[in-house]
Amino acid sequence: MAKLNTPKGTRDFLPQQAARRNYIFDTIRGVFDTYGFAPIETPAMELTETLMGKYGEEGDRLIFKILARGEKLKKAVENNKVEQSSEEALRYDLTVPFARFVVQHQNELSFPFKRYQIQPVWRADRPQKGRYREFYQCDVDMIGSNSLLNEVELTQIIADVFEKLGLPDIAIKINNRKILQGIAEVIGEPEKLIDITVALDKLDKIGREKVEEELVTKGISTEAISKLGVLFENVSLESVSEFVSSSEVGLKGIEELKNVISSSEKLGVTICEFDPTLARGLNYYTGAIFEVVHPEFPSSICGGGRYDDLTGIFGLKDVSGVGVSFGADRIYDLLLDKELFPAQVGLSAQVLFVNFGNKEAVQCQLWAKELRSVGIRTEVYPDSAKMKKQMKYANDKSIPYVLLVGDREIEAQEPTVKNMETGDQNAMSIDALIKHIQ
RNA sequence: GUGGUUGUAGCUCAGUUGGUUAGAGCAUCGGUUUGUGGUACCGAGGGUCGUCGGUUCGAGACCGAUCUUCCACCCCA
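Note that the structure is predicted; figures quoted are calculated from it, not measured. (Residues numbered from 1 in each chain as written. Chains lettered and ligands numbered in written order. Predicted model: local features only at pLDDT ≥ 70, side-chain atom pairs only at ≥ 80, totals over all residues. Heavy atoms only, no water.)

Participant: Explain the overall build of chain A to me, using residue names and the numbers behind them.
Facilitator: Along the backbone of chain A there are 17 helices and 16 strands. Computed over C-alpha atoms, the radius of gyration of chain A comes to 28 Å, more than 25% over the 22 Å expected from 2.2 N^0.38 for 438 residues, which places it beyond the range of a compact globule. Within chain A, the fraction of its 438 residues that count as buried is 51%. Put simply, of all contacts in chain A between residues at least 6 apart along the chain, 68% involve residues at least 24 apart. A total accessible area of about 22,500 Å² is found for chain A, and carbon and sulfur atoms account for 49% of it. Between the averaged position of the 54 positive side-chain charges in chain A and that of its 66 negative side-chain charges there is a distance of 6 Å. (Helix = DSSP H or I, 4+ residues; strand = E, 2+ residues; numbered from the N terminus. Rg over C-alpha atoms; globule rule 2.2 N^0.38 Å. Buried < 20%, exposed > 50% of the residue type's maximum accessible area, 1.4 Å probe, protein only. Contact = heavy atoms within 4.5 Å. Areas by Shrake-Rupley, 256 points an atom, 1.4 Å probe, with all protein chains shown as cover. Lys, Arg positive; Asp, Glu negative; His and termini not counted. Charge placed at Lys NZ, Arg CZ, Asp CG, Glu CD.)

Here's what the structure looks like:
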């Protein structure tokens, strides 16, 4: 057999895996529906210019560019051009395409606009555990409303989704970019917000010294770094509030954060926790930022935040949005590790008709039609293969009832029904079988 | 993009310091059983040892490159 493989970081999904993935998508979609979000879809590829510059330097590098074709490629090669990519690139996430979508269709939408979108995205990243080059994001966003009610609704949605998936032991880590901005202001380095937040994000991972080293390499003054000192020792909500008390933006962030956490708690969502080191590299966040983690999984399984200016880049000012993205592939890996997939996910047919030959198969098709009309999942084996093969097929697919239809059964108008679990079998009319199964 | 790691049958893996025709279990297919699966027994198919190049009389084993896997960075769902 020829050596076959899917491209790096991409996978095939066998029937059971696909069924389990659908279970995740269906669960998430079900929750989104109950909050009144509407589904949309956008193309797998966007114009390169739509994507570039929205994700920071790192993000831009990971965008899959599509090669130019035909004459354009020929010319580029002939002229020794470095740039041989076309105008198109595969989408890197669903949020930026959504912003483009909103601006482009602003006159056809009514605001605040609540949408969800479950589609694959592509990143030219190095694959590792829980990290793929093609993966599905399940995005839910509301745009055109500044209200913190939206943030609260998102924490409810997150809690609902993971409750339904049997994963209540998650934590929603919350921070606010305004607080981080306040910190940057207080230490006198407001321009270095991104560098400071990214470095701070690693505090629990690499420790204070390494963070300070990184800050130095980013050109932040030692004076500013020493001012940060207090935060390294005590990063409670109180200490951070105190730290940013001279910054208007910082205080606003604290206020928003407290509001979201306490409002969520009143609605029974008690898994939110303030994490001042949560930064998230995506440049476009301006307010609340979220990340959902599970103690037994190395990376976040859901993340998002508020973005005030994203549509501004495409020419629509003063429209704020907030949303989160569920990482279906990581959730899949986690559910698999913890063996949390319900057993009935991916059940095949309930009934298989064994095929004895053309004449008998016609009777099977007629009876199968009756069973299907009342919603019983039914197959007719397509070939009059050996009985052993057909029984094995039913056994392999865990089909609980096998129906044998030969001359005797047609004569009596009652198929022989075999219960594959007990091995018992007896003649039964189709009506009796329907009653028995239902 | 940086550093490391992995690759032998569909899957999980053996393969002695380089030495004839590379093995096992599971899976698949066939038979024992032409109207009976899940157990048992018998048998069969399936591998240019990831790929290309090098060292050697001789390479699955050694060296180099490349691809892939996984891991740590970076970043992120």
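Participant: How would you sum up helix H9 (residues 203–217)? Please name residues and give values.
Facilitator: Relative to the 21 Å expected for 15 residues at 1.5 Å per residue, H9 spans just 16 Å between its end C-alpha atoms, considerably shorter than the ideal helical length. Along H9, the sharpest change in direction is near 75° and occurs at Glu209. Of the positions making up H9, those classed as buried are Leu203, Val211, Glu214 and Leu215. A positive phi of about 85° marks Gly219, the residue just after H9. (Expected span 1.5 Å × (residues − 1). Bend = angle between axes of the 7 residues up to and from the residue.)

Participant: An account of the sheet that holds strand S16 (residues 425–427) is needed here, citing residue identities and associated values.
Facilitator: Strands sit in the order S13-S12-S14-S15-S16 across an open sheet of five strands; the sheet is mixed. Single-partner strands in this sheet number two, and they are strand S13 (378–380) and S16. Averaged over all neighbouring strand pairs, the angle between strand axes comes to 20°, with direction disregarded. Sheet topology note: the strand S15 (residues 416–419)/S16 ladder contains three bridges and is antiparallel. Bridge assignment links Lys418 to a residue of S16, and that residue is Gln425. In the packing of helix H14 (residues 358–373) onto the sheet, the strands contacted are strand S12 (351–353), S13 and strand S14 (401–404), and the crossing angle to S13 comes to about 170°. (Pairing = 2+ DSSP bridges. Axes fitted to C-alpha atoms, helices over the stretch in contact; angles between N-to-C directions.)

Participant: So, the layout of surface pockets: which residues are in play, and what are the values?
Facilitator: Roughly 330 Å³ of volume is contained in the second largest pocket. Here the lining of the second largest pocket is composed, by residue class, of eight nonpolar, four polar and three charged. (1 Å grid on protein atoms, 1.4 Å probe; cavity = no way out; pocket = protein on both sides within 12 Å on 5 of 7 lines; lining within 4 Å. Points joined across faces, edges and corners; volume = space filled by probe spheres on them. Nonpolar A, V, L, I, M, F, W, Y, C, P; charged D, E, K, R; others polar.)

Participant: Tell me about the packing of aromatic side chains, and please be specific about residues and values.
Facilitator: Applying the stated criterion across every chain, the model contains 14 aromatic pairs. Aromatic side chains Tyr23 and Phe341 sit 6.0 Å apart centroid to centroid with 65° between the ring planes, which places their arrangement in the edge-to-face category. Taken together, the positions of Tyr23 in helix H1 (residues 15–34) and Phe341 in the loop between helix H13 (328–337) and S12 put the pair 318 residues apart, joining distant regions of the chain. Taking the relative accessible area as the measure of exposure, Tyr23 reaches 16% and is therefore buried. Judged by its relative accessible area of 10%, Phe341 is buried. Seen from their ring centres, Tyr55 and Tyr284 are 6.5 Å apart, and the 70° between their planes marks the pair as edge-to-face. (Phe/Tyr/Trp six-rings, centres within 6.5 Å; stacked < 30°, edge-to-face > 60°.)

Participant: Quick one: what's the story with the side chain of Arg330, residue by residue and with numbers?
Facilitator: Along the chain, the position of Arg330 falls in helix H13. In this structure Arg330 is buried but unpaired, with Asp125 as the nearest side chain of opposite charge at 6.9 Å. A polar contact of 3.5 Å, which involves the side chain of Arg330, links it to the side chain of Ser299. For Arg330, the contacting residues outside a window of four places in its chain are Gly130, Arg131, Phe297, Ser299, Ser300 and Ile301. (Salt bridge = Lys/Arg side-chain N within 4 Å of Asp/Glu carboxyl O. Polar contact = N/O pair within 3.5 Å; in protein donor to acceptor, adjacent residues only side chain to side chain.)

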